[in-house]
Number of protein chains: 2
Amino acid sequence: MKHKTNNLGEPKKTPAVAVDTLIFSVIDNKLKILLIKILGGAYKNKWAIPGGLVDTNESLEKAASRILSQKAGVDGIYLEQLATFGDPKRDSRGHSVSVAYFALVNDKLFYPKTTEYYADIAWKNVDTLPTMAFDHKKIIEYGKERLMSKLAYSNIAYALLPKEFTLTELQSVYEAVLGKVLDKRNFRKKVQEIKLVKETTRTRQLGANRPAKLFIFTQRHPRIMDIL
Amino acid sequence: MKHKTNNLGEPKKTPAVAVDTLIFSVIDNKLKILLIKILGGAYKNKWAIPGGLVDTNESLEKAASRILSQKAGVDGIYLEQLATFGDPKRDSRGHSVSVAYFALVNDKLFYPKTTEYYADIAWKNVDTLPTMAFDHKKIIEYGKERLMSKLAYSNIAYALLPKEFTLTELQSVYEAVLGKVLDKRNFRKKVQEIKLVKETTRTRQLGANRPAKLFIFTQRHPRIMDIL
DNA sequence: GCAAAAGTGTTTAGACTACACCCATGC
DNA sequence: GCATGGGTGTAGTCTAAACACTTTTGC
C-alpha cells in the first residue's frame, strides 16, 4: 500500500503483476479448460492458462478481459477473481505475482483459434491435464474446487449453459463438474422449487422420443442460493 | 505471467505489489479489527489496515508476516489470503495492487503498541469504523463476510480463543462475529456432536456461581466442518 | 409395438428449531 | 436463601435421500 521509497527516492522494487485466467466449460459432458501452448522461451511448448502482465493504471478485471480478448479471442464472459499466487519460484524467469481469474463459458459461444501469441490453443479435460508450465496445475486444481462449491451454492451454472436448455442438460453440467451422478427426480424438484430455473413454452426434440421442455434461468446474474 | 519486454529489452511496467492484513479479534464480546493511523503523506491521520510493499523474491505470505511483525509487533498468527484489490484509483499516489490477508488472533495474546511506522495503532469495532484510507473500508467489509462464513463451515474459531475456554466464551465469539444470538442448548449440542471441541477435566470459576467446564478444540488446524 | 429419453410422487431418516427448568457456587 | 451463570432433553417441523414406473415421440 504505502509507496515507500529508498533513500534515492526511487520506488521500492516489487514483483511484476500478471493475471491468468481459468476458462472452464462443459463439453461432451466433461469439464474442460481452455489451455494455450507457449510459443518460445524457457517454457516453450508447455501448456498454460492464458495470461499476461497488467499495465499500470489498468484494473485487474480490465487486464484479464483485455488479455483474453487479444490473445485468445474470448470476449464478454463471466469473470471472477480466484486467488493470487506469489511464490518467488513459481516462474523461473523472475518473480511475478499472478492474480488468477476464473471464467465460465458456454462452449457453443466460441471456438478457440490460435493467435500469434501462442503455439496452440485447445480445450483439455480438467482431470487429464498435459504437463503444465509454472504453478498452473495447482491453480487449476484450486479453480476446480471453487467451481464445484460455487455450483452447489450459487446460480453460476447459467454461465455454462445457453439461454434455453433442457433439465437433462442442466443436470449433466452439474454431474460433469461434480464428478458424480445425481438423482433425476430430486434434482428437478429442487431447481424448480428454489426458482433457479423456470420453464418456457418451447420444447426441443432431438431423437425419436418425447420432446423436452426448454427452461431458462430465473436470473442470469450471480446470486447465492443453496442448490445441493 | 509472461515477462514480456518492450523493444529496449526493459521489463514492462506493472503496478506495485503490496500486502494488507485484516487482523480480527473478539474483545468484550465485540468483533474488532486492528487499525493503524498513517503518519504522513497524502493519507496523514487516516486509519488503515497494516500493510506494506512486497519485496521481489519474497512470497506474499512471508511479506505479510514480515510487515506485521516489523510494523505492528504481531507474530505467529493464523493468516489466510482474502482477495486482491487492483483498482488503479484505490491509492491516489500511484497504482498499487493490494493482496489482502486475513488474520485471527486471541486478544489475550498481545496488546498493540505503536511503532515508528505509525501515528497510532488500536482495536476498533468493525461496525463503527473511523474514516478509512484507500479502499480499506471495502476490504474490511469483504473480510468480515469471509469471517462470518468461515466460522459457519470451519473450525477457525480456534484462532480467536485461548487454548482452554468455556462453552459460553465460544458461543459469544460466534455471536459477536455473526451479530446474532444463538440458542445455548442447540449450540452446545452441536459443537460437541461434531467434535469441534472436547471437554477437559479442568474448570474455571469467575463469580459467585457454578464453575464452568473448560474445553479445548479437538484440532487447532484449519479444517472444513459444518457448524451452523 | 418398441426403443429412447422425458417426466413425475411418496416414504423415510436425519437435522434443525424452539423452548424452560434445575444445578453449583459464593456471599 | 438468593443471585449468578452453568448446564441439560424433548417434541415438532423441515429437508434430503432413496426409489420405479408412465408418457410421448419416431420409426
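### Remarks on the overall build of chain A
Inference 1: The number of helices and strands found in chain A is four helices and nine strands.
Inference 2: Along the chain direction, N to C, the helices and strands of chain A fall in the order β-β-β-β-α-β-β-β-α-α-α-β-β.
Inference 3: In terms of overall dimensions, chain A has a C-alpha envelope of 75 × 35 × 25 Å along the principal axes.
Inference 4: Looking at chain A as a whole, 51% of its 228 residues qualify as buried.

### What to know about the packing of helix α3 (residues 167-178) of chain A against helix α4 (residues 184-193) of chain A
Residues and elements named next belong to chain A.
Inference 1: Running from N to C, α3 and α4 cross one another at 105 degrees; their axes reach a closest spacing of 11 Å. Here α3 is positioned roughly perpendicular relative to α4, judged by the angle of their axes. Here α3 contributes Leu 167, Thr 168, Leu 170, Gln 171 and Tyr 174 to the contact with α4, which in turn contributes Lys 184, Phe 187, Arg 188, Val 191 and Gln 192.
Inference 2: A class-by-class count of the residues in the contact of α3 with α4 yields five nonpolar, three polar and two charged.

### Concerning the interface of chain B and chain A
Inference 1: Contact residues are listed per partner, giving 44 residues for chain B and 43 residues for chain A.
Inference 2: Between the two partners, chain B and chain A, sit zero salt bridges.
Inference 3: Remark: the boundary between chain B and chain A carries seven residue pairs in polar contact (both at pLDDT 80 or more).
Inference 4: For the side of chain B that touches chain A, the class distribution of residues is 16 nonpolar, 15 polar and 13 charged.

### Overview of the protein's contact with DNA strand D
Inference 1: Around DNA strand D lies a shell of 21 residues, among which Gln205(A), Lys184(B), Asn209(B), Arg210(B) and Lys213(B) are the nearest.
Inference 2: Sugar plus phosphate, as a fraction of atoms of DNA strand D within 4 Å of the protein: 45%.
Inference 3: The contact in question runs from a base oxygen of DNA strand D to an N or O atom on the backbone of Arg210(A), over 3.0 Å.
Inference 4: Between Lys189(B) and DNA strand D, the recorded distance is 3.0 Å, taken from a side-chain N or O atom to a base oxygen.

### Digging into the domain arrangement of chain A
All names here are of chain A.
Inference 1: Here chain A is described as being made up of domain 1 (16-128) and domain 2 (156-217).
Inference 2: In this structure, domain 1 and domain 2 have C-alpha centres spaced 29 Å apart.
Inference 3: Here domain 1 packs against domain 2, burying approximately 850 Å² in sum over the two surfaces, 71% of which is carbon and sulfur.
Inference 4: Interface area lost by domain 1 to domain 2 is led by Val 26, Leu 104 and Asn 106, which between them contribute 51%.
Inference 5: Put simply, domain 1 and domain 2 have zero salt bridges between them.
Inference 6: Connecting domain 1 to domain 2 are two residue pairs in polar contact (both at pLDDT 80 or more).

### As for the relation of the copies chain B and chain A
Inference 1: Between the two copies, chain B and chain A, the superposition gives an RMSD of 0.0 Å; the rotation angle is 180 degrees and the shift along the axis is 0.0 Å. Such values leave the two copies arranged in the relation of a two-fold axis. Proximity to the rotation axis, assessed at the C-alpha, singles out Ala83(B) in chain B; its C-alpha lies 3.1 Å from the axis.
Inference 2: Taken together, the interface assignments show that 98% of the residues at the interface of chain B recur at the interface of chain A, consistent with an identical surface on both copies.

### Some words on the side chain of Asn106(A)
Inference 1: Tracing the sequence through the fold places Asn106(A) in the loop between β6 (96-104) and β7 (118-125).
Inference 2: Leave out the neighbours within four places in its chain, and Asn106(A) touches Ser25(A), Ala159(A), Leu160(A), Leu161(A) and Pro162(A).

### Re the protein's contact with DNA strand C
Inference 1: Around DNA strand C, the surrounding shell holds 22 residues, and the nearest of these are Lys184(A), Asn209(A), Lys213(A), Gln205(B) and Ala208(B).
Inference 2: Here the atoms of DNA strand C within 4 Å of the protein split so that 45% fall in sugar or phosphate, with bases taking the remainder.
Inference 3: Taking Asp183(B), its side chain carries an N or O atom lying 3.4 Å from a base nitrogen of DNA strand C.
Inference 4: Lys190(B) is positioned with one of its side-chain polar atoms (N or O) 3.5 Å from a phosphate oxygen of DNA strand C.

### Topic: the pattern of salt bridges
Residue and element names in this part refer to chain A.
Inference 1: With the rule as written, the count across this model stands at 20 salt bridges over all chains.
Inference 2: Residue Lys 150 is joined to Glu 80 by a salt bridge in which the shortest nitrogen-to-oxygen separation is 3.0 Å. Placement of Lys 150 in helix α2 (residues 136-153) and of Glu 80 in strand β5 (residues 78-85) is noted, with a sequence separation of 70 residues between them. An identical accessibility class is assigned to Lys 150 and Glu 80; each is buried.
Inference 3: Ionic pairing is found between Arg 202 and Glu 164, a salt bridge with its closest N-O pair at 3.1 Å. Separated by 38 residues along the polypeptide, Arg 202 in strand β8 (residues 197-204) and Glu 164 in the loop between α2 and α3 bring together distant segments of the chain.
Inference 4: Residue classification places Arg 202 among the partly exposed positions, given a relative accessible area of 47%.

### Examining the side chain of Thr166(A)
Residue and element names in this part refer to chain A.
Inference 1: Turning to its location among the elements, Thr 166 is positioned in the loop between α2 and α3.
Inference 2: For Thr 166, a relative accessible area of 7% translates into the label buried.
Inference 3: Thr 166 has contacts with Arg 204, Ala 212, Lys 213 and Leu 214, leaving out every residue within four places of it along the chain.

Calculation notes
- Residues numbered from 1 in each chain as written.
- Chains lettered and ligands numbered in written order.
- Predicted model: local features only at pLDDT ≥ 70, side-chain atom pairs only at ≥ 80, totals over all residues.
- Heavy atoms only, no water.
- Helix = DSSP H or I, 4+ residues; strand = E, 2+ residues; numbered from the N terminus.
- Buried < 20%, exposed > 50% of the residue type's maximum accessible area, 1.4 Å probe, protein only.
- Axes fitted to C-alpha atoms, helices over the stretch in contact; angles between N-to-C directions.
- Parallel < 35°, antiparallel > 145°, perpendicular 65-115°, else oblique.
- Contact = heavy atoms within 4.5 Å.
- Nonpolar A, V, L, I, M, F, W, Y, C, P; charged D, E, K, R; others polar.
- Salt bridge = Lys/Arg side-chain N within 4 Å of Asp/Glu carboxyl O.
- Polar contact = N/O pair within 3.5 Å; in protein donor to acceptor, adjacent residues only side chain to side chain.
- Near = heavy atom within 4 Å.
- Domains from an automatic or database assignment.
- Buried area = accessible area lost by both parts, 1.4 Å probe.
- Least-squares fit on C-alpha atoms with pLDDT ≥ 70 in both.

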